[in-house]
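Coordinate analysis (summary)
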Amino acid sequence: MDQITPNRRTAGGAGWDRVRRHTLLDRTYHWLMALCVIVLMATAFLPILGIKFEWLDIHWITGVALAALVLIHIVRALFFQDWRNMWIGWTDLRELWRDTARLLGSRSALALPGKYDAAQKLYHLGVAIVILAVVGTGLLMLLKIDTPFWRRNPYWFSADTWGVIYVIHGFAAMAIVATVIVHLYFSLMPDSWYLLRAMVRGWISGKEYAQHYDPSRWKA
Ligand code: HEM
Ligand code: HEM
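All figures in this text were calculated on a predicted structure; none of them were measured in a lab. (Residues numbered from 1 in each chain as written. Chains lettered and ligands numbered in written order. Predicted model: local features only at pLDDT ≥ 70, side-chain atom pairs only at ≥ 80, totals over all residues.)

**A closer look at the confidence of the model for the chain**
The predicted coordinates should not be examined in detail at positions where pLDDT is low. Here is the rule we go by: For every residue, the predictor states its confidence as a pLDDT score lying anywhere from 0 to 100. Two residues qualify as a contact pair if the distance between their C-beta atoms, derived from the backbone, is within 7 Å.
Confidence along the chain averages 91 in pLDDT terms, with 93% of residues attaining 70 or more. Note that pLDDT drops below 50 for residues 1-12; the model gives that stretch 22 contacts with residues more than four away or on any other chain.

**What to know about the site of ligand 1**
Let me state the cut-off plainly: Placing the C-beta atom from the backbone, one calls a residue near a molecule or strand if that atom lies within 6 Å of it. Working definition: helices are DSSP H or I runs of at least four residues, strands are E runs of at least two. Numbering for both runs from the N terminus. Residues are grouped as follows: nonpolar covers Ala, Val, Leu, Ile, Met, Phe, Trp, Tyr, Cys and Pro; charged covers Asp, Glu, Lys and Arg; every other residue, Gly included, is treated as polar.
Residues in contact with ligand 1 amount to 20 residues; listed here are only the nearest, Asp-26, Ala-77, Asn-85, Met-86 and Ala-128. For the shell around ligand 1, the elements supplying multiple residues, two or more each, are helix H1 (24-45), helix H2 (56-79) and helix H4 (118-141). The residue inventory of the shell around ligand 1, partitioned by class, reads 11 nonpolar, 6 polar and 3 charged.

**Section: the site of ligand 2**
The environment of ligand 2 is made up of 19 residues, and the closest members are Ala-34, Val-37, Gln-120, Ser-187 and Met-199. Broken down by secondary-structure element, the contributors of at least two residues to the shell around ligand 2 are H1, H4, helix H5 (159-188) and helix H6 (193-201). Of all the elements, H5 adds the most residues to the shell around ligand 2, at 5 residues. Looking at the shell around ligand 2, its residues break down into 13 nonpolar, 5 polar and 1 charged.

So, in structure tokens, the structure goes:
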């Protein structure tokens, strides 16, 4: 399913010329979603830093676009992709434990992961929670503004409830800044350039597959 060029010369995946990692649709999703998140962060935080411009229309329209993208991704992930690729199981927790022990000097053996390693899955879970929180509260906050499609109606919720909604939106937005910085740092490190290529062109080489993944956990 994930293979592009069948050329099975050696065992363990090294004989594949290329192994598909992300389809065009998934890559388009990642980059459009990233663009939306960056525009949302810029329109949220630049005015606070003193750079004033008409930020609200760009912000809410991009937020609605992000909501639509995430909805499509969830339907696709649950019904058309293998959700187990992102599922955090006992093996991942053991892997995280071993990684931490190794950082502290232990010499335990390095186990090869499935399609995503434990840290990537944890990152995905964190991002999914904060993005769903920011998008969910953001959609409710549309009730507070006038747009060409509807008039504002702030009386749907009590002042206290609005307070909670704004606090969640603000905290989730700050958490996204932190998670994106960590994600950028790891994605741009030379060690991960093959993953950056995979997110641009879709594939990794058979050699990279054999070197970085356990074929019984991610079947090419
Ligand atoms: C309940 C919510 C979600 C579920 C069930 C879900 C599920 C998944 C699964 C199963 C994959 C792995 C697909 C594969 O490579 O085989 C994946 C990948 C991914 N997810 Fe999510 N996801 C959710 C929310 C989100 C959110 C909110 C974001 C926004 C940042 C996001 C961003 C991504 C990205 C960028 C990928 C990698 C692209 C790909 O190859 O599919 N996900 N997700
Ligand atoms: C613009 C700068 C960005 C770069 C260079 C970048 C790079 C990457 C790369 C290379 C991967 C693929 C990892 C793999 O194949 O295993 C990836 C996956 C992913 N990205 Fe990004 N990304 C960026 C922005 C974002 C933003 C803004 C978000 C959401 C807030 C995001 C969320 C994700 C998620 C959830 C995954 C899947 C989990 C993972 O593979 O770690 N990315 N990104």
